[in-house]
Amino acid sequence: MEELFYEIFTELPRQGPGDHDSTIKALRAIPELPAAVRVLDVGCGTGNQTIDLAGEINGKIVAIDNYQPFLDRLEYNAAKHGLSDKIEIRLEDMFNLHFKEESFDIIWSEGAVYILGLEKALKQWKKFIKPQGYVVVSEFNWLVEEPPGEVYDYFMQESVHATDKEGSRNIISNAGYALITDFMIPKDDWYEFYNKLEEVLVLFRDIKADDRSALGVIGSFQYEIDLFRKYPGTYGYVFYIMQKRG
Ligand SMILES: C[S@@+](CC[C@H](N)C(=O)[O-])C[C@H]1O[C@@H](n2cnc3c(N)ncnc32)[C@H](O)[C@@H]1O
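Small disclaimer: the values here were computed from a predicted structure and weren't measured.

Rules and cut-offs
- Residues numbered from 1 in each chain as written.
- Predicted model: local features only at pLDDT ≥ 70, side-chain atom pairs only at ≥ 80, totals over all residues.
- Heavy atoms only, no water.
- Phe/Tyr/Trp six-rings, centres within 6.5 Å; stacked < 30°, edge-to-face > 60°.
- Helix = DSSP H or I, 4+ residues; strand = E, 2+ residues; numbered from the N terminus.
- Buried < 20%, exposed > 50% of the residue type's maximum accessible area, 1.4 Å probe, protein only.
- Lys NZ or Arg CZ within 6 Å of the ring centre and 35° of its normal.
- Axes fitted to C-alpha atoms, helices over the stretch in contact; angles between N-to-C directions.
- Parallel < 35°, antiparallel > 145°, perpendicular 65-115°, else oblique.
- Left-handed = near helix turned anticlockwise from the far one by under 90°.
- Contact = heavy atoms within 4.5 Å.
- Nonpolar A, V, L, I, M, F, W, Y, C, P; charged D, E, K, R; others polar.
- Near = heavy atom within 4 Å.
- Polar contact = N/O pair within 3.5 Å; in protein donor to acceptor, adjacent residues only side chain to side chain.
- Areas by Shrake-Rupley, 256 points an atom, 1.4 Å probe, with all protein chains shown as cover.

The full count for this structure, using the stated rule, is 29 aromatic pairs. Between the aromatic rings of Phe183 and Phe239, the centroid separation amounts to 5.2 Å while the plane-to-plane angle is 20°, which identifies the pairing as stacked. Taken together, the residues Phe183 in strand S7 (residues 177–184) and Phe239 in strand S8 (residues 235–244) connect sequence positions 56 residues apart. A relative accessible area of 11% means that Phe183 is categorised as buried. Among the residues examined, Phe239 registers a relative accessible area of 1% and is labelled buried. Aromatic pair Phe228 and Tyr235: ring centres 5.6 Å apart, planes at 65°, arrangement edge-to-face. For the residue pair Phe228 and Tyr235, the accessibility class agrees, reading buried in each case. If you follow Lys25 out to its NZ or CZ, it ends over the ring of Phe183, 4.3 Å from the centre. One Lys or Arg, Lys126, reaches over the ring of Tyr177 and ends 5.4 Å from the middle of that ring.

Shown next, in the form of C-alpha coordinates:
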(Lines give C-alpha, C1' and ligand atoms only; values in the text may rest on other atoms or scores of the structure.)
Protein backbone atom coordinates (compact mmCIF):
# COMPACT_ATOMS: atom_id res chain seq x y z
CA MET A 1 0.00 0.00 0.00
CA GLU A 2 2.97 2.24 0.47
CA GLU A 3 3.40 2.08 -3.31
CA LEU A 4 -0.12 3.49 -3.80
CA PHE A 5 0.71 6.33 -1.43
CA TYR A 6 3.67 7.27 -3.62
CA GLU A 7 1.74 6.78 -6.87
CA ILE A 8 -0.87 9.26 -5.68
CA PHE A 9 1.69 11.85 -4.62
CA THR A 10 3.75 11.57 -7.81
CA GLU A 11 0.69 12.97 -9.59
CA LEU A 12 0.81 16.17 -7.52
CA PRO A 13 2.99 19.19 -8.36
CA ARG A 14 4.09 19.25 -4.72
CA GLN A 15 3.89 16.50 -2.13
CA GLY A 16 2.90 18.90 0.63
CA PRO A 17 1.38 22.35 1.09
CA GLY A 18 3.59 25.30 0.18
CA ASP A 19 4.30 27.63 -2.70
CA HIS A 20 6.94 29.60 -4.56
CA ASP A 21 6.36 32.81 -2.59
CA SER A 22 6.81 31.19 0.83
CA THR A 23 9.99 29.39 -0.30
CA ILE A 24 11.49 32.63 -1.60
CA LYS A 25 10.33 34.60 1.47
CA ALA A 26 12.11 32.05 3.68
CA LEU A 27 15.27 32.22 1.57
CA ARG A 28 15.32 36.02 1.71
CA ALA A 29 14.95 35.94 5.48
CA ILE A 30 18.50 34.56 5.68
CA PRO A 31 20.60 37.62 6.50
CA GLU A 32 23.86 36.67 4.80
CA LEU A 33 24.70 34.08 2.23
CA PRO A 34 28.16 33.24 0.88
CA ALA A 35 28.85 33.95 -2.79
CA ALA A 36 28.57 30.24 -3.67
CA VAL A 37 26.10 28.66 -1.33
CA ARG A 38 25.77 24.90 -0.73
CA VAL A 39 22.28 23.72 0.22
CA LEU A 40 20.98 20.31 1.26
CA ASP A 41 17.26 19.84 0.50
CA VAL A 42 16.00 16.97 2.70
CA GLY A 43 12.89 15.06 1.58
CA CYS A 44 12.79 17.05 -1.66
CA GLY A 45 10.02 14.98 -3.27
CA THR A 46 9.59 15.96 -6.91
CA GLY A 47 11.45 19.12 -5.98
CA ASN A 48 9.15 22.04 -6.62
CA GLN A 49 10.93 24.01 -3.91
CA THR A 50 14.34 22.76 -5.11
CA ILE A 51 13.68 24.33 -8.50
CA ASP A 52 12.49 27.56 -6.86
CA LEU A 53 15.63 27.73 -4.75
CA ALA A 54 17.97 26.82 -7.60
CA GLY A 55 16.49 29.63 -9.68
CA GLU A 56 17.32 32.09 -6.92
CA ILE A 57 20.74 31.16 -5.52
CA ASN A 58 24.32 31.15 -6.70
CA GLY A 59 25.66 27.76 -5.81
CA LYS A 60 24.50 24.18 -5.63
CA ILE A 61 21.67 22.23 -4.06
CA VAL A 62 22.00 18.58 -3.10
CA ALA A 63 18.42 17.27 -3.21
CA ILE A 64 17.73 14.01 -1.40
CA ASP A 65 14.72 11.75 -1.06
CA ASN A 66 14.27 8.02 -0.47
CA TYR A 67 11.84 7.50 -3.35
CA GLN A 68 13.53 7.26 -6.75
CA PRO A 69 10.48 8.11 -8.95
CA PHE A 70 10.20 11.50 -7.18
CA LEU A 71 13.88 12.10 -7.91
CA ASP A 72 13.41 11.08 -11.55
CA ARG A 73 10.65 13.68 -11.83
CA LEU A 74 12.94 16.29 -10.27
CA GLU A 75 15.71 15.39 -12.71
CA TYR A 76 13.31 15.92 -15.62
CA ASN A 77 12.01 19.23 -14.23
CA ALA A 78 15.50 20.52 -13.45
CA ALA A 79 16.52 19.89 -17.07
CA LYS A 80 13.34 21.56 -18.32
CA HIS A 81 14.18 24.68 -16.32
CA GLY A 82 17.85 24.63 -17.38
CA LEU A 83 18.88 24.12 -13.75
CA SER A 84 20.48 20.65 -13.88
CA ASP A 85 23.96 22.07 -13.20
CA LYS A 86 22.79 23.55 -9.92
CA ILE A 87 21.01 20.47 -8.58
CA GLU A 88 22.69 17.25 -7.53
CA ILE A 89 20.10 14.53 -6.98
CA ARG A 90 20.74 11.68 -4.57
CA LEU A 91 18.74 8.75 -3.26
CA GLU A 92 19.37 9.02 0.50
CA ASP A 93 17.60 8.08 3.67
CA MET A 94 17.25 11.10 5.94
CA PHE A 95 17.71 8.75 8.91
CA ASN A 96 21.19 7.88 7.72
CA LEU A 97 22.89 10.73 5.88
CA HIS A 98 26.27 10.35 4.23
CA PHE A 99 27.88 13.75 3.97
CA LYS A 100 31.07 15.37 5.12
CA GLU A 101 30.87 17.34 8.34
CA GLU A 102 30.30 21.08 7.96
CA SER A 103 29.66 20.79 4.23
CA PHE A 104 26.45 22.82 3.88
CA ASP A 105 25.60 26.49 4.35
CA ILE A 106 21.88 25.68 4.58
CA ILE A 107 19.85 22.58 5.32
CA TRP A 108 16.38 23.04 3.85
CA SER A 109 13.36 20.82 4.39
CA GLU A 110 9.77 21.62 3.42
CA GLY A 111 7.04 19.44 4.85
CA ALA A 112 9.39 16.58 5.64
CA VAL A 113 11.06 17.32 8.96
CA TYR A 114 8.16 15.74 10.87
CA ILE A 115 9.35 12.35 9.52
CA LEU A 116 12.46 12.54 11.70
CA GLY A 117 10.90 14.84 14.26
CA LEU A 118 12.11 18.43 14.60
CA GLU A 119 14.24 17.82 17.68
CA LYS A 120 16.03 14.77 16.32
CA ALA A 121 16.51 16.39 12.91
CA LEU A 122 18.06 19.55 14.33
CA LYS A 123 20.43 17.54 16.49
CA GLN A 124 21.42 15.13 13.70
CA TRP A 125 21.84 17.79 11.02
CA LYS A 126 23.99 20.10 13.12
CA LYS A 127 27.27 18.43 12.25
CA PHE A 128 26.64 18.79 8.51
CA ILE A 129 26.14 22.57 8.73
CA LYS A 130 29.04 24.97 8.48
CA PRO A 131 29.66 27.19 11.52
CA GLN A 132 26.98 29.92 11.63
CA GLY A 133 25.10 28.08 8.86
CA TYR A 134 21.33 27.86 8.62
CA VAL A 135 18.41 25.47 8.82
CA VAL A 136 15.10 26.27 7.16
CA VAL A 137 12.10 23.99 7.67
CA SER A 138 8.37 24.15 7.25
CA GLU A 139 6.91 22.30 10.19
CA PHE A 140 3.42 21.10 11.05
CA ASN A 141 2.10 23.03 14.07
CA TRP A 142 -1.16 23.03 15.96
CA LEU A 143 -2.65 26.51 15.74
CA VAL A 144 -5.22 26.03 18.50
CA GLU A 145 -4.72 25.12 22.14
CA GLU A 146 -6.98 22.08 21.98
CA PRO A 147 -7.22 20.46 18.56
CA PRO A 148 -10.55 18.72 17.93
CA GLY A 149 -10.33 15.07 18.99
CA GLU A 150 -10.91 13.61 15.55
CA VAL A 151 -8.19 15.78 13.98
CA TYR A 152 -5.74 15.01 16.78
CA ASP A 153 -6.44 11.26 16.60
CA TYR A 154 -6.03 11.24 12.81
CA PHE A 155 -2.58 12.82 12.89
CA MET A 156 -1.41 10.71 15.83
CA GLN A 157 -2.38 7.65 13.84
CA GLU A 158 -0.35 9.07 10.94
CA SER A 159 2.64 9.46 13.30
CA VAL A 160 2.59 13.25 13.13
CA HIS A 161 3.59 14.10 16.71
CA ALA A 162 3.08 17.82 16.51
CA THR A 163 3.43 20.68 18.92
CA ASP A 164 2.44 24.35 18.68
CA LYS A 165 4.60 27.32 17.63
CA GLU A 166 5.82 27.87 21.18
CA GLY A 167 6.81 24.21 21.40
CA SER A 168 8.76 24.36 18.12
CA ARG A 169 10.51 27.57 19.16
CA ASN A 170 11.63 25.87 22.40
CA ILE A 171 12.90 22.83 20.50
CA ILE A 172 14.92 25.12 18.20
CA SER A 173 16.47 27.02 21.06
CA ASN A 174 17.25 23.88 23.10
CA ALA A 175 18.85 22.23 20.06
CA GLY A 176 21.40 25.08 19.85
CA TYR A 177 19.98 27.30 17.12
CA ALA A 178 19.03 30.97 17.11
CA LEU A 179 15.63 31.58 15.55
CA ILE A 180 15.91 34.36 12.96
CA THR A 181 12.23 34.51 12.13
CA ASP A 182 9.17 32.36 11.52
CA PHE A 183 6.01 32.75 9.48
CA MET A 184 3.00 30.67 8.62
CA ILE A 185 2.35 29.61 5.04
CA PRO A 186 -0.98 30.97 3.72
CA LYS A 187 -4.05 28.90 4.52
CA ASP A 188 -4.87 29.00 0.80
CA ASP A 189 -1.86 26.77 0.11
CA TRP A 190 -3.56 24.04 2.13
CA TYR A 191 -6.82 24.46 0.23
CA GLU A 192 -4.91 24.32 -3.05
CA PHE A 193 -2.95 21.25 -1.99
CA TYR A 194 -6.03 19.41 -0.75
CA ASN A 195 -8.11 20.38 -3.82
CA LYS A 196 -5.43 18.93 -6.12
CA LEU A 197 -5.10 15.84 -3.95
CA GLU A 198 -8.86 15.35 -4.08
CA GLU A 199 -8.81 15.50 -7.91
CA VAL A 200 -6.15 12.78 -7.98
CA LEU A 201 -8.12 10.68 -5.47
CA VAL A 202 -11.12 10.75 -7.83
CA LEU A 203 -8.94 9.21 -10.58
CA PHE A 204 -7.48 6.58 -8.29
CA ARG A 205 -10.93 5.62 -6.95
CA ASP A 206 -11.74 4.64 -10.53
CA ILE A 207 -8.46 2.87 -11.25
CA LYS A 208 -8.55 0.93 -7.96
CA ALA A 209 -12.31 0.29 -7.91
CA ASP A 210 -11.77 -3.46 -7.27
CA ASP A 211 -9.01 -3.11 -4.71
CA ARG A 212 -10.49 -2.82 -1.23
CA SER A 213 -7.31 -2.01 0.62
CA ALA A 214 -6.39 0.67 -1.95
CA LEU A 215 -9.84 2.18 -1.48
CA GLY A 216 -9.13 2.22 2.27
CA VAL A 217 -5.97 4.31 1.72
CA ILE A 218 -7.83 6.65 -0.64
CA GLY A 219 -10.61 6.96 1.94
CA SER A 220 -8.12 7.88 4.63
CA PHE A 221 -6.73 10.76 2.53
CA GLN A 222 -10.27 11.92 1.81
CA TYR A 223 -10.96 11.85 5.56
CA GLU A 224 -7.96 14.16 6.16
CA ILE A 225 -9.25 16.58 3.53
CA ASP A 226 -12.75 16.53 5.02
CA LEU A 227 -11.37 17.16 8.51
CA PHE A 228 -9.40 20.14 7.27
CA ARG A 229 -12.49 21.65 5.70
CA LYS A 230 -14.55 20.94 8.80
CA TYR A 231 -11.98 22.48 11.19
CA PRO A 232 -10.03 25.10 9.18
CA GLY A 233 -7.28 26.83 11.13
CA THR A 234 -6.61 23.90 13.46
CA TYR A 235 -3.15 23.20 12.06
CA GLY A 236 -0.75 24.70 9.55
CA TYR A 237 2.82 24.78 8.34
CA VAL A 238 5.16 27.29 9.90
CA PHE A 239 8.48 28.17 8.29
CA TYR A 240 11.32 28.39 10.80
CA ILE A 241 14.50 30.10 9.67
CA MET A 242 17.29 29.51 12.16
CA GLN A 243 21.06 29.81 12.53
CA LYS A 244 23.40 27.30 14.09
CA ARG A 245 24.86 28.71 17.31
CA GLY A 246 28.48 28.28 18.26
C1 LIG B 1 5.35 15.65 2.48
S2 LIG B 1 6.59 15.24 1.31
C3 LIG B 1 7.36 16.81 1.03
C4 LIG B 1 8.05 16.88 -0.30
C5 LIG B 1 8.56 18.27 -0.72
N6 LIG B 1 9.58 18.76 0.18
C7 LIG B 1 7.43 19.25 -0.84
O8 LIG B 1 7.28 20.13 0.04
O9 LIG B 1 6.67 19.14 -1.82
C10 LIG B 1 7.78 14.36 2.28
C11 LIG B 1 8.93 13.78 1.46
O12 LIG B 1 9.84 13.09 2.32
C13 LIG B 1 10.29 11.93 1.66
N14 LIG B 1 10.75 10.95 2.65
C15 LIG B 1 10.01 10.18 3.48
N16 LIG B 1 10.80 9.43 4.26
C17 LIG B 1 12.08 9.72 3.90
C18 LIG B 1 13.37 9.26 4.33
N19 LIG B 1 13.47 8.36 5.29
N20 LIG B 1 14.46 9.78 3.75
C21 LIG B 1 14.36 10.71 2.77
N22 LIG B 1 13.18 11.20 2.31
C23 LIG B 1 12.05 10.70 2.87
C24 LIG B 1 9.07 11.45 0.88
O25 LIG B 1 9.43 10.57 -0.17
C26 LIG B 1 8.50 12.78 0.40
O27 LIG B 1 9.06 13.16 -0.82
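Further notes follow.
Moving on to the packing of helix H9 (residues 187–207) against helix H10 (residues 212–230). Two numbers describe a pair of packed helices, the interaxial angle and the distance between the axes. Two elements in contact, H9 and H10, have axes separated by 10 Å at closest approach and are oriented at 155°. As far as their axial angle goes, H10 and H9 are roughly antiparallel. Between H9 and H10 the crossing geometry is left-handed. Residues Lys187, Trp190, Tyr191, Tyr194, Asn195, Leu197, Glu198, Leu201, Phe204 and Arg205 of H9 form the contact with H10, whose own contacting residues are Leu215, Ile218, Phe221, Gln222, Glu224, Ile225, Phe228 and Arg229. Class assignment for the residues of the contact of H9 with H10 results in 11 nonpolar, 2 polar and 5 charged.

Attention now moves to the site of the ligand. Taken together, the neighbourhood of the ligand is formed by 19 residues, with Gly43, Asp65, Asp93, Met94 and Glu110 sitting nearest. With respect to the ligand, the backbone of Gly43 contributes an N or O atom lying 2.8 Å from a nitrogen atom. Between the ligand and Asp65, the relevant distance is 2.6 Å, taken from an oxygen atom to a side-chain nitrogen or oxygen of the residue. For the ligand, the protein covers 91% of the area, taking 600 Å² as the surface of the free molecule. Split by residue class, the shell around the ligand holds 7 nonpolar, 7 polar and 5 charged.

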